Amino acid sequence: MNAPFRTAAGGRHDRGRPVSFSFDGKTYQGFAGDTLASALLANGVCLMGRSFKYHRPRGVIAAGSDEPNALVSVQRDAARYAPNLRATQVELYEGLSSESQNRWPSLAFDVGSVNNLASPFIPAGFYYKTFMWPRKAWDRFYEPNIRAAAGLGRSPTEADPDRYLNRYAHCEVLVVGGGPAGLAAALAAAQGGGRVILADEQTELGGSLLSATDATIDGKPSDDWLAETLASLAALPNVTLLKRATAFGYFAHNMIGVTERLTDHLAAPNAATPRERLWNIRAKQVVLAAGSIERPLVFPDNDRPGILLADAARTYLNRYGVKPGKRVVVATGHDGAYRAALDLHRAGVEIAAIADLRPNPTGPLVEAARAAGLPIRPACAITGTSGGLRVITARLSPIKGAGQVGPAQIVPCDAVLMSGGFTPSVHLFSQSRGKLRWDQDLLTYLPDQSAEQERSAGACRGRFGLAEALADGFAAGAAASGAEVSRTFAVEALEGDPRGVIGALPHDRGVNAKAFVDWQNDVTTKDLKLAVREGFQSIEHIKRYTTTGMATDQGKTSNLNALGVVADVLHKPIPEVGLTTFRMPYTPVTFGALAGLARGDLFDPVRATPIHDWAAEQGAVFEDVSLWKRARYFPRGSEDMEAAVRRECVSVRAGCGIFDASTLGKIEVVGPDAAEFMNRMYVNAWTKLGVGKCRYGVLCREDGFVTDDGVVGRIAKDRFHVTTTTGGAPRVLGMMEDYLQTEWPDLNVWLTSTTEQWAVIALQGPNARRILEGLVEGIDLSPEALPHMSLAEGRIRGVPTRLFRVSFSGELGFEINVAADHGRAVWEAVWAAGQPHGLTPYGTETMHVLRAEKGFIIVGQETDGTATPDDVGLTWAVGKAKPDFVGKRSLARPAMSEPDRKQLVGLYTDDGAVVLEEGAQIVATAGQTPPMRLIGHVTSSYYSAVLGRSIALAMVSGGRARLGESLYSPSPVGDIPVKVVPTVFYDPEGARVNG
Amino acid sequence: MDKTLAPNAARGALDGFTAAPALGLAAACPMTRFVLRGRAEALAAAEAELGFLLPRQACRAASLDGRHALWLGPDEWLILAPLADGPALGEALEAAMGAHPHSLVEISQRQTAIVISGPRATGLLNVGCPLDLDLAAFPVGMCTRTVFAKAEIGLWRRAPDSFHIEVWRSFSPYVWRFLEAAGAEYA
Amino acid sequence: MLLITCPYCGPRPELEFSHGGEAHIARPEKPSELSIEDWTQYLYLRANPKGLHAERWRHLHGCARFFNALRDTTTDQFVATYKAGEPRPTGGAA
Ligand SMILES: [Zn+2]
C-alpha cells in the first residue's frame, strides 16, 4: 500500500491488519491500532480542518485529547453521526467514514476563509461590538447566520439509536491516568487490599511509555515493563482497569465522573452493548496522575498544517510508525524536542535545523543531538512559515536580546516541530477546588493545597522525569491506600531540563502577524493585547472577551501562553494576573452518556393507578398529573374532548358517573395526639369532629397562604384519614413531618403515607346510592345513617372498604376506598351494577367542570401561593377560636385583610357562548391600551353543558364587593365584557348533594 | 349475584411481568405489610407479640418464622409477614400495644417487592442505586430506604447475592423495566 | 454529589437527602403574641453566611429524619452533623 509517511517498521499498530477508511469522501488505507489522525498523516494528509473564526486551514498539532484543530465528524449511518471528535482520538475501524468540519464547500477551498482576509476587521470582541443593534436583528438575523457560518459540526437529524448506561461505583483508591505515575500508584494502592480503579482516556494504558523507545525500567525495556505491569494489575481481584475512560469531572466529596467508550472503535458493534458507560465513582482517596500537556510556541504563522508539537510527532513516529515529514525544522525552548529530533533522525527523517530559543542549551539530550550531528542553532527564534495547505518553509531569526531578532533565514521543510515545554494537567485538581501555586522555576502552576481526599502525582505536579514520576506515583498510591509499602524503580533514560518557555516569541513581522495562542478559538497575541488595551485587566474578563481557553479546549494548549502574553502586556508577574477557572468536562461528554437509561419510557417513572388499564381498554385519553397518568376523558365514537366532556357532565348530573380518584394523596395520622396535631397543622378545628365524620381541610403555609386542601375523615378517636391533592402529597407529608419532628417531637402521633394502599372509586350522581345498595355489606347507606360528609367501614363485594360520603361535584356522592389490588375488580363490579342506572365513566376534565359549576377551588389553579383562605372564600373553614395553627399569625397581618386583595368571584361573559381564556386578565374599563390597569385574572373557565353557557372563576381585586359589576377581559379580538357573579353557578342551595 | 369477588380477582402491580432468570429478576409473592411506630412501651409489647426484638441498630432487619422487622428509621419499622397472617397479625399487635402510644398502619398493597439475585445483582442495582453494595459496606441483613434512578426503594440484602426490593406500587413497573434495561446485554 | 453523614444512618449520597434551610430557628411558642417585626424575623430573615452555616437536612430517602449540619458554604465541606434538638456543636468559626 502507498502510505508515503509510514515507517518500514515499528509502532504499536497492527501491520497485519490493514483497514480502509474514508475522509471527506476519499478512501485511504491504515492499520488497526491507528487513529484517524495517524492514518491521515501516514497518507500525507496534513489538512484536517478549518479554524473556527477565520476558516484558516489547519492540521493536527497534538496526538491526544489536547488536539485543538482536527475536529472531525464520524458517521456510521443516518442516526449515528458524531460531530466534534478529535481525529487524534478516533480509532480506525474498517469502513470508518469521517469528514472535516467548518468548511464549505470543501476543505481545500473554503468560501468562509474570506474571514481570514477580512481578519483585521474581526478583532477580539467583534461579535459583541458589531451585532448589538438593532436588538431584534440578533435573534432573527445575526445569530442564525453566525451559527451557520461558524458552527462546530452539525447535529444528527435522527434519534440516537445507541444504548448508554450509567453506573455508580465505589473504591478505596481511584487513580486517574495510566501513565508511569498512575501505574505505579495503582501497584502500590492495590497492596492496601482495598478496591482500586484506574481510569485512562487512551486506547491503551501506558501513557508516555507508549511512545518511549530507549528507556529501561528495572533493567527491562519500558515496553516489557509495561506489559508485565499491566498483566500483574489485571490479575489482581481488587483492581479494575478502565481504558478509553476519561475522567471528565471532579465533583464534590470525591465523586468523579468517568465516561468509558465501549463501541466507538468497533466496525460492527453489538447492538446490546452500550456505546458508552458513565461511571459515577465515589472514591475514598483519589490519585491524580493526569500527566502534562505539551505547550506550543507562539510565533507568526504558527498554525499552518504541518506544524505540530514535538512530542506529538514523537508519538506518531514511535506509536504509529508515522513520520510527520521528510525534512523537519524543530523549534524549541525545551529539551523535550531534542528527544523527538533524535528519534526522527534515527528513523531517517532529515532534521533541517533545531532552532533553540535558549542561548546555551546543554544537558544529556542536547549532547546526544550534538553527537548525532543534528544542526542546533542556539538563540534562534522561529519567526514565520510559508505554505498553502502545508508548510514549505520556516523562517529562522537569531535573537539579539530584548525582544529583538536579526536577519532571518528561510529554511525549506515539510514539517515544523515545536515545543515550549510541558504544562502539568491540573484541570481535575482545579475542578476539585484545590489551590494552585505558581512555580517560578518551572514557570507553571502546580497543585498546592488539596480540597478533597486527593493527591497529585507525576507530571501533573511537575515531576516530569520517568524515574521521579514512577517514584512519586508509587508513594502517592501507597499513601492513598494506607499500604505500608515501598519500592524503588531503577530507570535508565535520558532526562532533560524540565523548564521551558511561555508567552510570545520575539519577531520582526509587524503588528499584523498572526501568532496563535488558542488554535481552537482563533485567538492571537494581537487579540489578547487588544483586550488589555481596551481596558480588560482580569484574566477572567479577557478570557470571555477573546474566548481564549474556552469551549472544548478548556485551555489545554493555550492557557499558560495566554497568561504569558497578558502578563507581558500588563507588566505584571503571572501570579498577579491570576488564572481562569478550569471547567468540567475535561473533554466533551455526549448527551447520551449523561442521560444513560433515562430516556423514552424510562425518562421518568410513569405512575398508573390500579384502574388505569380498565380506562385504557375503554379508550380513555390520559393526561400527566405530576408523575401520574390520569384518564382525562372517555371519548365515544368520534367525539373530541369538548363533546365528550359535555356528555360526561350531563350524565353525572342526570344519572351517575364513576371516576378514578386513586391518585389523591392519603396520609394516615395516628396516635393519641392526632386531633391536636391536626389542629396545629390545618386551619380547621378538629377536636369536635366525631368518629365517622368528614371535614374539608385547608392547609396553609406559615406565611398564611393556602398550600393544599382535601377531605379528612376521622376513622377513630386516634386515627385520621387525610387526603391531599394529587400533586401535593409528598410536599404535604414532608411539611407535616417537618413540624412533627422538629417543632413538636413530644406529640404522640405518627404519619404514614397510604396514597398507594388505597384505590379510590368516586361515584357521583343522583343514582349513586341505588348503584351501591346491592354491593355493600355492613354499611347502612341511608341518608340518616350515612349523611353527607360521613364515612363508614364495611365490605363491598366482600372486600374491606372505607366508604366516604363526599362530593366534589355537588351531586350525591360516595368515594369507595379499597386495597389497591382489589381496585379494578371492585371498579368492575360497580360498573356492572351501574349499567341499569346510566353509569358513565368520566375523567379529570369533567371533574374540573363539575367542581367549577359548584365554585369548588383547585389548589394551584385558583390559588397561586399568594391566596389566603379568605381570598378564595374559605373563611368559614378557619377555626377562629384556635390559639394557633400554621399560618395563623401571618393571616393576622393587616395586609391580609386589605379590601382590595384579589378575591375569588364567578364571571359570566355577556355572550354565554364565549369561553374566556384561563389566565386572561381582567380590567375595569373597556378600551384601555397597554399599559393597562389590571385588576384580576381568570383562573378557571369552561363551557357548562348543564347551564348551557360558559362559566369562569377569577381572582379579582376587591371582587366580592363587585358582585353585579361589569368588567372586561382584554383579548386579541377585543375587550370581552363580563359580569361578576357568585362563585356557585349550579344548585346554589346545595340540595342535590342529598340526592 | 354472588356477594363476594372471586378470590383471584386481586391484581398486583407486577402482574404480567415475567421473571427474567438471566438477570436474576423476579417478583416477590404478595405479603402482609405494616408500618409500626411508637414509644418504648408499645414497642416492647409489639416485640412480645412478635416473639423477637425489633432491630434498634440502624438499617438492620430481624426475622422469626417468616416474619421480619426492617429498621426504617429510629422509631419506624416495616413489618413483613406471610399474606395469610393478614389482618389477624394487625389485630394481635393492636391488642398487645393497647393504649400505649403507637401507630400501626397496614400498607400491604402500598408497595410490592422485587427480588434480584445472582452474580449480576449488585452491578444491576448500581446502575440506579448510588449506595456502595460491597459486602463490607452493605452486609447481609442490612436494609434501608434509598433511591433507584428516579424512584425510592427499600433495599434489603438477604444473602450475599440476593436483594429484596420494596417499592411503591406505581413505581414498581418503572424499577422493574429499569433493571431489565440495565441488564439488556445479558438477557 | 455531596456525601452527607446522617446522624442515624452514616455517610450517604446527597441524592437521598433534601435541604431544609437554616437550622436553629425555633417556631415561637405563641406566634399570636409576636409583634409583626418579630414574626417577620422568624418567618423570612435568614443569615446566609459565607463560611460555616448551620442548616437543616432531611434524610428523605433513608431514615426520613430531619437533622442539622454544619457546612462551610465556600467549600461544601461538612464539619459536623447532629440530631434535631441537639445544640450546635462548638468549634469552627461562626
Ligand atoms: Zn438516615
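Relevant structure appears above.
Residues numbered from 1 in each chain as written. Chains lettered and ligands numbered in written order. Predicted model: local features only at pLDDT ≥ 70, side-chain atom pairs only at ≥ 80, totals over all residues. Heavy atoms only, no water.

Novice: Could you give me a rundown of the sheet that holds strand β35 (residues 656-660) of chain A, with the residues and numbers involved?
Specialist: All names here are of chain A. Read from one edge of the open sheet, 7 strands run β42-β43-β44-β45-β41-β35-β46, paired in mixed fashion. The open sheet terminates on both sides in strands that have one partner only, identified here as β42 (776-777) and β46 (839-841). Bridging between strand β44 (residues 799-805) and strand β45 (residues 813-819) involves 4 bridges; their strand directions are antiparallel. Paired with Arg-802 across the strands is Asn-817, a residue of β45. (Pairing = 2+ DSSP bridges. Helix = DSSP H or I, 4+ residues; strand = E, 2+ residues; numbered from the N terminus.)

Novice: Pulling in residues and values, what's your account of the coordination of the zinc ion?
Specialist: All names here are of chain C. With distances of 2.0 to 2.4 Å, the protein atoms coordinating the zinc ion are Cys-6 (SG), Cys-9 (SG), His-59 (ND1) and Cys-63 (SG). Motif for the zinc ion, donor spacing along one chain: C-x2-C-x49-H-x3-C. Here Cys-9 is found in the loop between β1 (3-6) and β2 (10-13), whereas its partner His-59 is found in the loop between β4 (52-58) and β5 (66-72), with 50 residues between them in sequence. The class of Cys-9 is buried, set by a relative accessible area of 15%. (Donors = N, O, S within 2.8 Å, 3.2 Å for Na, K, Ca; no water. Buried < 20%, exposed > 50% of the residue type's maximum accessible area, 1.4 Å probe, protein only.)

Novice: Break down the interface of chain A and chain B for me, with residues and values.
Specialist: Contacts between chain A and chain B engage 53 residues on the former and 47 residues on the latter. Taken over both partners, the interface formed by chain A and chain B buries close to 4,300 Å², and the fraction arising from carbon and sulfur atoms is 55%. Of all residues in chain A, the largest losses of buried area upon contact with chain B belong to A:Trp750, A:Arg797 and A:Asp821, amounting jointly to 18% of the total for that side. Summed over the shared surface of chain A and chain B, the result is 6 salt bridges. Here B:Glu94 makes a salt bridge to A:Arg719, at a shortest N to O gap of 3.4 Å. (Contact = heavy atoms within 4.5 Å. Buried area = accessible area lost by both parts, 1.4 Å probe. Salt bridge = Lys/Arg side-chain N within 4 Å of Asp/Glu carboxyl O.)

Novice: Go over the pattern of salt bridges, please, and point to the residues and values.
Specialist: Residue and element names in this part refer to chain A. Throughout the structure, instances matching the rule amount to 73 salt bridges over all chains. With a closest N to O distance of 2.9 Å, Arg-58 and Asp-303 form a salt bridge. Taken as a pair, Arg-58 in strand β4 (residues 57-59) and Asp-303 in the loop between β16 (292-294) and β17 (307-309) lie far apart in primary sequence, 245 residues in all. A residue is classified by how much of its surface remains accessible, and Arg-58, at 1% relative accessible area, is buried. A relative accessible area of 4% places Asp-303 in the buried class. In this structure, Glu-965 engages Arg-962 in a salt bridge whose closest nitrogen and oxygen atoms are separated by 3.0 Å.

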